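Next come the chains, spelled out residue by residue.
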Amino acid sequence: MMYVSPQSHMELWDSLCKTDPKHTRGFSTRSGFKGTTIDAMWLVKRMTETFGPAGSGWGWDQSTREVSVPMPDGQIEMLAIAMVKIWWWDSSANERRYVPEQTGSAPLVLKRKRGPLLDEEAHKKATTNAFSKGCSYLGLGADVFMGQYDDNRYVQEVSRHYAEKERAVVETPKAAKATGMEPTYRDDILDADTEADLIVIAESIGKDGSLSAAQKASLRQLWAEQKTRIAMNSDD
(Lines give C-alpha, C1' and ligand atoms only; values in the text may rest on other atoms or scores of the structure.)
Protein backbone atom coordinates (compact mmCIF):
# COMPACT_ATOMS: atom_id res chain seq x y z
CA MET A 1 0.00 0.00 0.00
CA MET A 2 1.24 3.45 -0.92
CA TYR A 3 1.40 6.23 1.65
CA VAL A 4 2.73 9.64 0.73
CA SER A 5 3.52 12.38 3.24
CA PRO A 6 0.64 14.90 3.25
CA GLN A 7 1.09 18.47 2.08
CA SER A 8 -0.73 19.82 5.12
CA HIS A 9 0.39 19.06 8.68
CA MET A 10 -3.23 18.37 9.62
CA GLU A 11 -4.31 16.38 6.55
CA LEU A 12 -3.70 12.96 8.09
CA TRP A 13 -5.11 14.01 11.48
CA ASP A 14 -8.29 15.43 9.94
CA SER A 15 -8.86 12.25 7.92
CA LEU A 16 -8.65 10.03 11.03
CA CYS A 17 -9.95 12.08 13.97
CA LYS A 18 -13.65 11.20 13.76
CA THR A 19 -14.51 7.94 15.57
CA ASP A 20 -17.48 5.83 14.50
CA PRO A 21 -19.76 5.63 17.59
CA LYS A 22 -20.75 2.09 16.59
CA HIS A 23 -17.23 0.97 17.48
CA THR A 24 -17.07 2.56 20.94
CA ARG A 25 -18.38 1.64 24.36
CA GLY A 26 -18.44 3.25 27.78
CA PHE A 27 -16.34 2.07 30.71
CA SER A 28 -15.72 2.94 34.34
CA THR A 29 -12.77 2.31 36.64
CA ARG A 30 -12.61 1.34 40.30
CA SER A 31 -11.78 4.95 41.12
CA GLY A 32 -15.07 6.07 39.61
CA PHE A 33 -13.70 7.51 36.36
CA LYS A 34 -16.03 7.08 33.38
CA GLY A 35 -14.95 7.29 29.79
CA THR A 36 -15.18 5.89 26.26
CA THR A 37 -13.04 3.14 24.78
CA ILE A 38 -12.58 2.36 21.08
CA ASP A 39 -12.73 -1.12 19.56
CA ALA A 40 -9.09 -2.04 18.87
CA MET A 41 -9.95 -3.97 15.69
CA TRP A 42 -11.66 -0.87 14.30
CA LEU A 43 -8.42 1.03 14.91
CA VAL A 44 -6.52 -1.71 13.07
CA LYS A 45 -8.99 -1.46 10.17
CA ARG A 46 -8.59 2.33 9.92
CA MET A 47 -4.79 2.04 10.04
CA THR A 48 -4.96 -0.57 7.25
CA GLU A 49 -7.25 1.63 5.14
CA THR A 50 -4.76 4.47 5.48
CA PHE A 51 -1.35 2.77 5.29
CA GLY A 52 -1.91 -0.73 3.90
CA PRO A 53 -1.66 -4.22 5.42
CA ALA A 54 -0.23 -4.55 8.92
CA GLY A 55 3.37 -5.73 8.76
CA SER A 56 4.19 -3.97 5.49
CA GLY A 57 2.33 -0.67 5.37
CA TRP A 58 2.34 -0.20 9.12
CA GLY A 59 2.88 -2.04 12.39
CA TRP A 60 4.40 -1.64 15.84
CA ASP A 61 7.40 -2.61 17.94
CA GLN A 62 6.53 -3.88 21.39
CA SER A 63 8.02 -4.92 24.71
CA THR A 64 6.26 -6.04 27.90
CA ARG A 65 7.14 -6.48 31.55
CA GLU A 66 5.51 -6.93 34.94
CA VAL A 67 5.88 -4.57 37.90
CA SER A 68 4.68 -4.45 41.49
CA VAL A 69 3.07 -1.23 42.70
CA PRO A 70 2.46 -0.34 46.40
CA MET A 71 -1.17 0.70 46.94
CA PRO A 72 -2.50 3.24 49.49
CA ASP A 73 -4.02 0.42 51.57
CA GLY A 74 -0.59 -1.19 51.97
CA GLN A 75 -1.21 -4.01 49.49
CA ILE A 76 0.94 -4.70 46.45
CA GLU A 77 -0.69 -4.74 43.01
CA MET A 78 0.95 -6.52 40.08
CA LEU A 79 0.64 -4.78 36.73
CA ALA A 80 1.32 -5.88 33.17
CA ILE A 81 3.14 -3.08 31.33
CA ALA A 82 3.36 -2.79 27.53
CA MET A 83 5.52 -0.34 25.57
CA VAL A 84 4.29 0.10 22.00
CA LYS A 85 5.90 2.11 19.20
CA ILE A 86 3.72 2.38 16.08
CA TRP A 87 5.36 2.80 12.68
CA TRP A 88 4.18 3.28 9.11
CA TRP A 89 5.91 3.11 5.76
CA ASP A 90 6.33 6.46 4.01
CA SER A 91 6.93 5.73 0.32
CA SER A 92 7.87 9.32 -0.50
CA ALA A 93 10.83 9.08 1.90
CA ASN A 94 11.29 5.32 1.41
CA GLU A 95 11.54 4.74 5.15
CA ARG A 96 9.59 3.99 8.30
CA ARG A 97 8.08 6.78 10.36
CA TYR A 98 7.46 6.31 14.09
CA VAL A 99 5.00 7.55 16.68
CA PRO A 100 6.61 8.27 20.08
CA GLU A 101 6.55 5.15 22.26
CA GLN A 102 3.41 4.80 24.39
CA THR A 103 2.87 2.82 27.59
CA GLY A 104 -0.20 0.86 28.65
CA SER A 105 -0.97 -1.11 31.80
CA ALA A 106 -3.49 -3.61 33.18
CA PRO A 107 -3.84 -5.45 36.52
CA LEU A 108 -2.44 -8.99 36.48
CA VAL A 109 -4.72 -10.06 39.30
CA LEU A 110 -8.43 -9.25 39.35
CA LYS A 111 -10.27 -8.82 42.63
CA ARG A 112 -13.38 -10.99 42.79
CA LYS A 113 -15.85 -11.83 45.56
CA ARG A 114 -14.63 -15.43 45.48
CA GLY A 115 -11.04 -14.28 45.76
CA PRO A 116 -8.23 -13.01 43.49
CA LEU A 117 -8.18 -14.23 39.88
CA LEU A 118 -5.19 -14.20 37.53
CA ASP A 119 -6.10 -12.27 34.37
CA GLU A 120 -4.61 -14.16 31.44
CA GLU A 121 -5.56 -11.26 29.15
CA ALA A 122 -3.62 -8.66 31.15
CA HIS A 123 -0.71 -8.32 28.71
CA LYS A 124 -3.13 -8.09 25.78
CA LYS A 125 -5.12 -5.36 27.55
CA ALA A 126 -1.95 -3.42 28.32
CA THR A 127 -0.87 -3.67 24.68
CA THR A 128 -4.28 -2.53 23.44
CA ASN A 129 -4.15 0.42 25.83
CA ALA A 130 -0.73 1.52 24.57
CA PHE A 131 -1.69 0.89 20.94
CA SER A 132 -4.80 3.07 21.25
CA LYS A 133 -2.73 5.90 22.70
CA GLY A 134 -0.22 5.59 19.87
CA CYS A 135 -2.98 5.75 17.25
CA SER A 136 -4.28 8.96 18.81
CA TYR A 137 -0.95 10.66 18.05
CA LEU A 138 -1.78 10.27 14.36
CA GLY A 139 -5.28 11.62 14.97
CA LEU A 140 -7.05 8.25 15.03
CA GLY A 141 -9.66 8.34 17.80
CA ALA A 142 -8.49 11.82 18.78
CA ASP A 143 -12.03 13.05 19.39
CA VAL A 144 -12.43 10.47 22.17
CA PHE A 145 -9.11 11.40 23.80
CA MET A 146 -9.97 15.11 23.53
CA GLY A 147 -13.22 14.61 25.43
CA GLN A 148 -15.51 15.43 22.52
CA TYR A 149 -17.48 12.25 23.17
CA ASP A 150 -18.73 13.88 26.37
CA ASP A 151 -20.87 16.09 24.12
CA ASN A 152 -23.97 14.20 22.95
CA ARG A 153 -24.47 16.63 20.09
CA TYR A 154 -21.00 15.85 18.78
CA VAL A 155 -21.65 12.10 18.96
CA GLN A 156 -24.90 12.55 17.03
CA GLU A 157 -23.07 14.59 14.40
CA VAL A 158 -20.38 11.90 13.97
CA SER A 159 -23.09 9.21 13.78
CA ARG A 160 -24.69 11.09 10.88
CA HIS A 161 -21.26 11.47 9.25
CA TYR A 162 -20.66 7.71 9.20
CA ALA A 163 -24.25 6.96 8.19
CA GLU A 164 -23.82 9.23 5.16
CA LYS A 165 -20.52 7.52 4.29
CA GLU A 166 -22.21 4.11 4.40
CA ARG A 167 -25.05 5.33 2.17
CA ALA A 168 -22.55 6.77 -0.30
CA VAL A 169 -20.77 3.41 -0.53
CA VAL A 170 -24.04 1.61 -1.21
CA GLU A 171 -25.25 4.15 -3.75
CA THR A 172 -21.96 4.42 -5.66
CA PRO A 173 -21.98 2.07 -8.66
CA LYS A 174 -19.48 -0.75 -8.28
CA ALA A 175 -18.15 -0.09 -11.74
CA ALA A 176 -17.85 3.68 -11.35
CA LYS A 177 -15.93 5.28 -14.17
CA ALA A 178 -12.59 6.90 -13.41
CA THR A 179 -12.62 10.70 -13.73
CA GLY A 180 -10.10 13.53 -13.94
CA MET A 181 -6.46 12.52 -13.75
CA GLU A 182 -7.20 9.09 -12.31
CA PRO A 183 -7.03 7.23 -15.67
CA THR A 184 -3.63 8.82 -16.40
CA TYR A 185 -2.26 7.79 -13.03
CA ARG A 186 -3.58 4.26 -13.55
CA ASP A 187 -1.79 4.02 -16.88
CA ASP A 188 1.41 5.40 -15.37
CA ILE A 189 1.29 2.88 -12.52
CA LEU A 190 0.74 -0.06 -14.86
CA ASP A 191 3.54 1.13 -17.16
CA ALA A 192 6.04 1.50 -14.29
CA ASP A 193 9.00 -0.88 -14.53
CA THR A 194 10.81 -0.07 -11.27
CA GLU A 195 9.99 0.88 -7.70
CA ALA A 196 11.71 4.21 -8.32
CA ASP A 197 9.14 4.94 -11.05
CA LEU A 198 6.36 4.09 -8.61
CA ILE A 199 7.74 6.43 -5.95
CA VAL A 200 7.71 9.34 -8.43
CA ILE A 201 4.09 8.54 -9.34
CA ALA A 202 3.16 8.31 -5.66
CA GLU A 203 4.55 11.78 -5.03
CA SER A 204 2.47 13.19 -7.89
CA ILE A 205 -0.69 11.54 -6.61
CA GLY A 206 -0.05 12.80 -3.10
CA LYS A 207 0.22 16.40 -4.35
CA ASP A 208 -2.87 16.19 -6.60
CA GLY A 209 -5.68 17.92 -4.75
CA SER A 210 -8.20 17.17 -7.51
CA LEU A 211 -8.40 13.49 -6.56
CA SER A 212 -11.05 12.36 -4.10
CA ALA A 213 -10.24 10.16 -1.12
CA ALA A 214 -11.91 7.21 -2.89
CA GLN A 215 -9.83 7.77 -6.03
CA LYS A 216 -6.61 7.93 -4.01
CA ALA A 217 -7.55 4.74 -2.16
CA SER A 218 -8.20 2.96 -5.46
CA LEU A 219 -4.87 4.18 -6.88
CA ARG A 220 -3.07 3.07 -3.71
CA GLN A 221 -4.38 -0.45 -4.16
CA LEU A 222 -3.31 -0.58 -7.81
CA TRP A 223 0.08 0.91 -6.83
CA ALA A 224 0.62 -1.81 -4.22
CA GLU A 225 -0.30 -4.55 -6.70
CA GLN A 226 2.11 -3.18 -9.29
CA LYS A 227 4.86 -2.92 -6.68
CA THR A 228 4.35 -6.59 -5.85
CA ARG A 229 4.53 -7.54 -9.54
CA ILE A 230 7.76 -5.59 -9.99
CA ALA A 231 9.29 -7.25 -6.93
CA MET A 232 8.31 -10.71 -8.18
CA ASN A 233 9.77 -10.02 -11.61
CA SER A 234 13.03 -8.79 -10.10
CA ASP A 235 13.29 -12.00 -8.08
CA ASP A 236 13.05 -14.00 -11.30
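Being a predicted model, the structure only gives us computed values, none of them experimental.

Criteria and thresholds
Residues numbered from 1 in each chain as written. Predicted model: local features only at pLDDT ≥ 70, side-chain atom pairs only at ≥ 80, totals over all residues. Heavy atoms only, no water. Core = buried A, V, L, I, M, F, W, Y, C linked by side-chain atoms within 4.5 Å. Buried < 20%, exposed > 50% of the residue type's maximum accessible area, 1.4 Å probe, protein only. Contact = heavy atoms within 4.5 Å. Helix = DSSP H or I, 4+ residues; strand = E, 2+ residues; numbered from the N terminus. Arc of directions from axis to C-beta. Axes fitted to C-alpha atoms, helices over the stretch in contact; angles between N-to-C directions. Parallel < 35°, antiparallel > 145°, perpendicular 65-115°, else oblique. Left-handed = near helix turned anticlockwise from the far one by under 90°. Nonpolar A, V, L, I, M, F, W, Y, C, P; charged D, E, K, R; others polar. Salt bridge = Lys/Arg side-chain N within 4 Å of Asp/Glu carboxyl O. Patch = residues over 30% accessible without salt bridge, like charges linked within 9 Å, V, L, I, M, F, W, Y side chains within 5 Å. Areas by Shrake-Rupley, 256 points an atom, 1.4 Å probe, with all protein chains shown as cover.

**Observations concerning the nonpolar core**
- Membership of the largest hydrophobic core comes to 23 residues, with the highest contact counts inside it found for L43, M47, F51, I86, C135, L138 and L140.
- Sequence-distant contacts of L43, defined by excluding residues within four places in its chain, comprise I38, F131, S132, C135 and L140.
- Ranked by size, the runner-up nonpolar core spans twelve residues in total, among them Y185, I189, I205 and L222.

**Remarks on the environment of L138**
- Relative to the helices and strands, L138 resides in the loop between helix 3 (122-136) and helix 4 (142-145).
- Accessibility expressed as a relative area gives 8% for L138, which makes it buried.
- Spatially, the C-alpha atom of L138 lies 21 Å from that of K165, the residues being 27 residues apart in sequence.
- If we ignore the near neighbours within four places in the chain, the residues touching L138 are L12, W13, L16, M47, F51, W88 and V99.

**Some thoughts on helix 6 (residues 182-191)**
- Within helix 6 the residues assigned to the buried category are E182, Y185 and I189. For helix 6, the buried positions fall inside an angular range of 60 degrees around the axis, keeping them on one side.

**Notes on the packing of helix 2 (residues 40-51) against helix 3**
- Look at helix 2 against helix 3: their axes get within 11 Å of each other, and the N-to-C directions meet at 40 degrees. By the angle between their axes, helix 2 is oblique relative to helix 3. When you trace helix 2 past helix 3, the crossing you get is left-handed. Packed against helix 2, whose contacting residues are A40, L43, V44 and M47, the element helix 3 presents T128, F131, S132 and C135 at the interface.
- Of the residues contributing to the contact of helix 2 with helix 3, the split by class is six nonpolar, two polar and no charged.

**A short note on the side chain of E77**
- By secondary structure assignment, the location of E77 is in strand 4 (residues 76-90).
- Residues contacting E77, with those up to four places away along its chain left out, are R30, V67, S68, V69, M71 and P107.

**Remarks on the pattern of salt bridges**
- The full count for this structure, using the stated rule, is eight salt bridges.
- Linking K22 and E166 is a salt bridge whose minimum nitrogen-to-oxygen distance equals 2.6 Å. In this pair, K22 is assigned in the loop between helix 1 (11-16) and strand 1 (24-28) and E166 in helix 5 (residues 152-171), connecting sequence segments 144 residues apart.
- On the basis of relative accessibility, which here comes to 57%, the residue K22 falls in the exposed class.
- The shortest N-O distance in the salt bridge between K124 and E121 comes to 3.7 Å.
- Given a relative accessible area of 39%, E121 falls into the partly exposed group.
- Through salt bridges with shared partners, a single ionic network connects D90, E95 and R97.

**Considering the packing of helix 6 against helix 7 (residues 195-207)**
- Running from amino to carboxyl end, helix 6 crosses helix 7 at an angle of 165 degrees, the nearest separation of the two axes being 9 Å. Taken together, helix 6 and helix 7 sit at an angle that is classed as roughly antiparallel. You can see that helix 6 and helix 7 cross each other, and the crossing is left-handed. Residues Y185, D188 and I189 of helix 6 pack against L198, I201, S204 and I205 of helix 7.

**Re a nonpolar patch on the surface**
- Together, I76, M78, V109 and L118 line one region of the surface with nonpolar side chains, adding up to about 360 Å² of accessible area.
- With respect to the helices, strands and loops of the structure, M78 is situated in strand 4.

**As for unusual backbone geometry**
- The residue N94 is not glycine, and still its phi comes out positive at about 55 degrees.
- As for its placement among the helices and strands, N94 is situated in the loop between strand 4 and strand 5 (95-98).
- Residue class for N94 comes out partly exposed when judged on its relative accessible area of 46%.

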